[in-house]
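Close look at the chain arrangement
As a plain string of letters, each chain reads:
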Amino acid sequence: MSAEKTPLCIDVTTPREGVALVIVKGYLDVDTATELHHHLANQMHHGRRHLLLDLSSVPFMDSSGINIVLRAYKETRQADGSVGLIDPAPAVRRILDLTGVSLTVPSFGSVDDALAAMEASSGSPTAHTPLLKGADTP
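Quick caveat, the model's predicted, so the values are computed rather than measured.

**What about the sheet that holds strand β2 (residues 19-25)?**
- One open sheet accounts for five strands, arranged β1-β2-β3-β4-β5; its pairing is mixed. The sheet is open, and its two edges are formed by β1 (9-16) and β5 (107-108), each paired on a single side.
- The sheet contact formed by strand β3 (residues 50-57) and strand β4 (residues 82-86) spans five bridges and is parallel. The residue bridging aspartate 54 from the neighbouring strand is isoleucine 86, located in β4.
- Against the sheet, helix α1 (residues 33-45) makes contact with β1, β2 and β3, and its axis sits at roughly 25° relative to β1, the strand it touches most.

Structural data, given as structure tokens:
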């Protein structure tokens, strides 16, 4: 781990019932991805099926971080929930675009935008529907 590398910091709030806002700060890589996975699993365990991941303060994400995002997407979908990414940093957005993750997992400019999309698609953030209909949703 280089001296310049930002350690991972994760804060969780609940802006609505059934919704967890997970604010991630720092490098999301092989050394830190498991920590994020534990936080996301904990939120699911507590009944929060809709996860919003704020990636605006993540300057770097490798394949381990991408795998955690995709795993969360899969697990929330199995529980009739959803994942949305909030304002990914430019380098992270580029990785999401290059890998095609951005085609599956929706991104939003703000938490308010994500919550509005959630309400528009389901009528309520606790309904059993995804944030946005993805390519795999009829």
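**Digging into the environment of valine 92**
- When you line up the elements, valine 92 lands in helix α3 (residues 90-99).
- Sequence-wise, valine 92 and serine 57 are 35 residues apart; in three dimensions their C-alpha atoms are separated by 9.7 Å.
- Each residue touching valine 92, except ones within four places of it in the same chain, is listed here: Leu55, Val58, Pro59, Phe60 and Met61.

**What to know about the pattern of salt bridges**
- This structure, assessed with the given rule, holds two salt bridges.
- Salt-bridge contacts for arginine 16 lead to glutamate 119; the nearest nitrogen and oxygen are separated by 2.2 Å. Residue arginine 16 is found in strand β1, and its partner glutamate 119 is found in helix α5 (residues 111-122); the two are separated by 103 residues along the sequence.
- In this structure, the salt-bridge partner of glutamate 75 is arginine 71, at a minimum N-O distance of 3.2 Å. Residue glutamate 75 and its partner arginine 71 are located together in helix α2 (residues 63-78), separated by four residues, close to a single helical turn.
- Residue classification places glutamate 75 among the partly exposed residues on the basis of a relative accessible area of 28%.

**Things to note about the confidence of the model for the protein chain**
- Averaged over every residue, the pLDDT of the protein chain is 88; the share at 70 or more is 83%.
- Low pLDDT, under 50, characterises residues 124-130; the predicted model gives this stretch 26 contacts beyond four residues in sequence or across chains.
- Every residue in residues 132-138 scores below 50 in pLDDT, and together they form nine contacts with partners more than four places removed in sequence or on other chains.

**A few points about the pairing of β3**
- Among the eight residues of β3, six are classified as buried, and the element is accordingly described as predominantly covered.
- Note on the crossover from β3 through α2 to β4: the handedness is right-handed.

**Details of the side chain of histidine 50**
- Examined against the element boundaries, histidine 50 turns out to sit in strand β3.
- Residue classification places histidine 50 among the buried positions, given a relative accessible area of 1%.
- Engagement of the side chain of histidine 50 in a polar contact is seen with the side chain of serine 82, the distance being 2.7 Å.

What counts, and at which threshold
The residue numbering used here restarts from 1 in each chain and proceeds along that chain's sequence as written. Two thresholds apply to this predicted model, a pLDDT of at least 70 for residue-level local features and 80 or more for giving and counting side-chain atom pairs, whereas whole-chain, interface and lining totals are computed over all residues. Computation of side-chain values: all heavy atoms of the structure, hydrogens and water removed. DSSP bridges decide pairing: two strands pair if at least two such bridges lie between them. Starting at the N terminus, helices and strands are each numbered in turn, a helix being any DSSP run of H or I of at least four residues and a strand any DSSP run of E of at least two. For this analysis, residues touch if any pair of their heavy atoms sits within 4.5 Å. What counts as an axis is a line fitted to C-alpha atoms, over the stretch in contact for a helix, and the angles between N-to-C directions run from 0 to 180 degrees. We count a salt bridge whenever a side-chain nitrogen from Lys or Arg sits within 4 Å of a carboxyl oxygen from Asp or Glu. Only protein chains enter the accessibility calculation, which uses a 1.4 Å probe; a residue whose area is less than 20% of its type maximum is buried, one above 50% is exposed, and one in between is partly exposed. What pLDDT reports is the predictor's confidence in each residue, on a scale of 0 through 100. Classification remark: right-handed applies to a crossover when, strands pointing away from the viewer, the course from the first strand over the helix to the second runs clockwise. Throughout this description, a polar contact denotes any pair of N or O atoms lying within 3.5 Å of each other; where both atoms belong to protein, one of them has to be capable of donating a hydrogen while the other can accept it, and for residues adjacent in sequence the pair is counted only when both atoms sit in side chains.

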